[in-house]
Amino acid sequence: MAHLIRSKFQNKLSNAATSVSNKSTAKVSGMMARMGFQAATDEEGLGFAACDDLDYDHRQGLQMDIMKSDEMSGGDIGEGNGMAAGDSHYQRDGTGPPLSASKASGLGEEEKSPKITAWEAGWNVTNAIQGMFVLGLPYAILHGGYLGLFLIIFAAVVCCYTGKILIACLYEEDEDGQLVRVRDSYVDIANACCQPRFPSLGGHIVNVAQIIELVMTCILYVVVSGNLMYNSFPTLPVSQKSWAIMATAALLPCAFLKNLKSVSKFSLLCTIAHFVINILVIAYCLSRARDWAWDKVKFYIDVKKFPISIGIIVFSYTSQIFLPSLEGNMVKPSEFHCMMNWTHIAACVLKGLFALLAYLTWADATKEVITDNLPSTIRAVVNLFLVAKALLSYPLPFFAAVEVLEKSFFCERERTWFPDCYGGDGRLKAWGLTLRCTLVVFTLLMAIYVPHFALLMGLTGSLTGAGLCFLLPSLFHLKLLWRKLLWHHVFFDVAIFVIGGICAISGFIHSMEGLVEAYKYGIED
């Protein structure tokens, strides 16, 4: 018994000394990082976690040996249990100790979704940059001519390049010169660039831009639904605003979504339907090849409206938000660059062909949503398919925006401003449901009072699209990897940053002027 008591006492002293040593070392490293001398690296954090887990496994083994010896010797079992229960450092919410590092990693690998191939990743990128918003590209050609076509190519090249350098910011070289993925998301990259003085400022900026883009995407889906229905049935005594209200009524169940499993089943069908619609529009344009107005395509720029076209083109290529997650889930991340090349080349060819053929067919009569130019005999059918696609696509950005808002403002574990939206049983609380319903109603109000598809698309592309696709990736690349960059990389990054800034400012100003003018004179699409 004396030997047992002595071993327990020695174990407690050893555990206390180890814990104090680890905590003091971590505090000193954190203080040095905050003072700007040396930031604590992810490898150091992983090392401390590994030491902590090994220490925990060692103590668990000692405790099991002690408990077994207590049972065999008829000792006080309650004392052993009390010792385990008093180890609050390794308990979470009173549920007992966590798994060790090896077990936790094994469990995580089982729970993780299966890895995706380069073709599957390319399909996801294609869905993002070949969506419904290509319907506004012919309108961009209307105000830019051949320069608009050049911008479609230029935006594809730049977005492909910035997507690659954004992924490069996720990696750092270890002691052996091997690239190691030390960051997981766009927010992590932004936070790393703002350390050590403002460790969370970059993440907040990216989250705000992400929320704005996702919410504006939802608004655009409502706007385009009302627009398409109004132009499909012009003889009915129903206004575009009324159609938007009916579309939003069909979207109210989105407020009760807990996951996207039920919605994701329709994503493939929607994408196929959209490609079929594009083919139908191109086929109709080819049928009128004899009447194409080649003389209308000039090196002409509408100074007032062309910046809006820049925002439209940029917005149609936005995919940088989810690229870090996509690359992290690929079976062979080394194939990411090749995947980005062929997806953006395909997008560039299809978008340029679609925009040019549509503009050649209708010339100066080209409307903001190109399907409104179709003859009434086929317009209603095509528009109904597009409305169905818009309504089924709405839950994806809506659910993503809700998740960002909940994690940023309604998460007790992260010490946010408001309490958690979910109860202990996983059910949605009243304010969580209120938040979701408010977001749906907000998208409706914006669609009613600002029913201008092209202007909203240009505004969003100039405000968040240029920021997330042009400005921030080039800035982060220069900040994190400037010591390893070649001179031409530095030149490209600086040029993209300057061009992106000019496009963002000019597009935002002209889009706001267009919205103010349209609101002032009561102009609708």
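Residues numbered from 1 in each chain as written. Predicted model: local features only at pLDDT ≥ 70, side-chain atom pairs only at ≥ 80, totals over all residues. Heavy atoms only, no water.

1. Thoughts on the overall build of the chain
Okay, step 1: Of regular secondary structure, the chain possesses 20 helices and 2 strands.
Okay, step 2: Buried positions account for 46% of the 525 residues belonging to the chain.
Okay, step 3: Contacts in the chain between residues far apart in sequence, at least 24 positions, make up 77% of those at least 6 positions apart.
Okay, step 4: For the chain, the exposed surface amounts to about 27,700 Å²; the carbon and sulfur share of it is 65%. (Helix = DSSP H or I, 4+ residues; strand = E, 2+ residues; numbered from the N terminus. Buried < 20%, exposed > 50% of the residue type's maximum accessible area, 1.4 Å probe, protein only. Contact = heavy atoms within 4.5 Å. Areas by Shrake-Rupley, 256 points an atom, 1.4 Å probe, with all protein chains shown as cover.)

2. A few points about the packing of aromatic side chains
Okay, step 1: For the structure on display, the rule yields 9 aromatic pairs.
Okay, step 2: Ring plane angle 80 degrees and centroid distance 6.2 Å describe the contact between Y186 and F476, whose orientation is recorded as edge-to-face. Separated by 290 residues along the polypeptide, Y186 in helix α8 (residues 186–194) and F476 in helix α19 (residues 453–481) bring together distant segments of the chain.
Okay, step 3: On the accessibility criterion, Y186 (4% relative accessible area) is buried. (Phe/Tyr/Trp six-rings, centres within 6.5 Å; stacked < 30°, edge-to-face > 60°.)

3. Things to note about the side chain of S232
Okay, step 1: In this fold, S232 is placed in helix α9 (residues 201–232).
Okay, step 2: A polar contact is formed between the side chain of S232 and the backbone oxygen of L228, at a distance of 2.5 Å.
Okay, step 3: Apart from the residues lying within four places of it in its own chain, the contact partners of S232 are R379, A380 and N383. (Polar contact = N/O pair within 3.5 Å; in protein donor to acceptor, adjacent residues only side chain to side chain.)

4. Some remarks on the confidence of the model for the chain
Okay, step 1: Of the residues in the chain, 71% have a pLDDT of 70 or more, and the chain-wide mean is 74.
Okay, step 2: For the stretch residues 20–111, pLDDT sits under 50, and the model shows 56 contacts to residues farther than four places along the chain or on other chains. (pLDDT = per-residue confidence, 0-100.)

5. Brief notes about the pattern of salt bridges
Okay, step 1: Within this structure, the stated rule accounts for 3 salt bridges.
Okay, step 2: Residue R181 pairs with D184 through a salt bridge whose shortest N-O separation is 3.2 Å.
Okay, step 3: Judged by its relative accessible area of 26%, R181 falls in the partly exposed class. (Salt bridge = Lys/Arg side-chain N within 4 Å of Asp/Glu carboxyl O.)

6. Brief notes about the side chain of S462
Okay, step 1: Along the chain, S462 turns up in helix α19.
Okay, step 2: With relative accessibility at 3%, the residue S462 sits in the buried group.
Okay, step 3: At 2.8 Å, the side chain of S462 forms a polar contact with the backbone oxygen of G458.
Okay, step 4: Residue contacts for S462: discarding those within four places in its chain leaves P307, G311, C503, A504, G507 and F508.

7. As for the environment of G145
Okay, step 1: With respect to the helices and strands, G145 occurs in the loop between α6 (137–142) and α7 (146–168).
Okay, step 2: Put simply, G145 and Y359 are 214 residues apart on the chain and 9.3 Å apart in space, counted from C-alpha to C-alpha.
Okay, step 3: Not counting the four nearest positions on each side in its chain, G145 is found in contact with V297, K298 and Y300.

8. Focus: the nonpolar core
Okay, step 1: Judged by nonpolar contacts, the single largest core of 121 residues is most densely connected at M132, I313, Y317, Y394, F398, F453 and F476.
Okay, step 2: Considering each element in turn, this core owes the most residues, 15 residues, to α9.
Okay, step 3: What M132 contacts, discounting residues up to four positions off in sequence, is Y221, V224, L228, H274, L386, K389 and A390. (Core = buried A, V, L, I, M, F, W, Y, C linked by side-chain atoms within 4.5 Å.)

9. Details of a nonpolar patch on the surface
Okay, step 1: A cluster of nonpolar side chains, namely V208, I212, L463, I505, F508, I509 and M512, defines an oily patch on the protein surface of about 570 Å² accessible area.
Okay, step 2: Counting only elements with at least two residues in the nonpolar patch, the list comes to α9 and α20 (487–521).
Okay, step 3: Ranked by residue count, the leading element in the nonpolar patch is α20, at 4 residues.
Okay, step 4: For L463, the location among the structural elements is in helix α19.
Okay, step 5: The partly exposed category is assigned to L463, whose relative accessible area is 42%. (Patch = residues over 30% accessible without salt bridge, like charges linked within 9 Å, V, L, I, M, F, W, Y side chains within 5 Å.)

10. Topic: the environment of T464
Okay, step 1: With respect to the secondary-structure elements, T464 resides in helix α19.
Okay, step 2: Beyond its immediate stretch of four places on either side in the chain, T464 contacts A209, I212 and E213.
Okay, step 3: Here the side chain of T464 touches E213 through a polar contact of 3.3 Å, side chain to side chain.

11. Remarks on the packing of α7 against α19
Okay, step 1: At a closest axis distance of 9 Å, the pairing of α7 and α19 adopts a crossing angle of 40 degrees. Crossing of α7 over α19 shows left-handed handedness. Within the contact between the two elements, α7 uses V158, C159, Y161, T162, I165, L166 and A168 and α19 uses C469, F470, P473, S474, H477 and L481.
Okay, step 2: Residues of the contact of α7 with α19, tallied by class, amount to 10 nonpolar, 3 polar and no charged. (Axes fitted to C-alpha atoms, helices over the stretch in contact; angles between N-to-C directions. Left-handed = near helix turned anticlockwise from the far one by under 90°. Nonpolar A, V, L, I, M, F, W, Y, C, P; charged D, E, K, R; others polar.)

12. Considerations on helix α15 (residues 336–362)
Okay, step 1: For α15, which comprises 27 residues, the first-to-last C-alpha distance of 39 Å matches the rise-based estimate of 39 Å (1.5 Å per residue) to within 8%.
Okay, step 2: Of the residues one or two after α15, A363 is the one with positive phi, at around 50 degrees. (Expected span 1.5 Å × (residues − 1).)

13. Description of helix α10 (residues 240–251)
Residues lying three or four places apart along an α-helix face the same way, a consequence of the helix completing one turn every 3.6 residues.
Okay, step 1: In a regular helix each residue adds 1.5 Å, so 12 residues correspond to 16 Å; α10 covers 17 Å between its end C-alpha atoms and thus fits that length.
Okay, step 2: Regarding α10, the residues found buried are Q240, W243, A244, A247, T248 and L251. The arc that holds the buried residues of α10, viewed along the axis, is 140 degrees, so those residues lie on one side.
Okay, step 3: Those residues of α10 that are buried lie in contact with α9, α16 (376–393) and α18 (430–449). (Arc of directions from axis to C-beta.)

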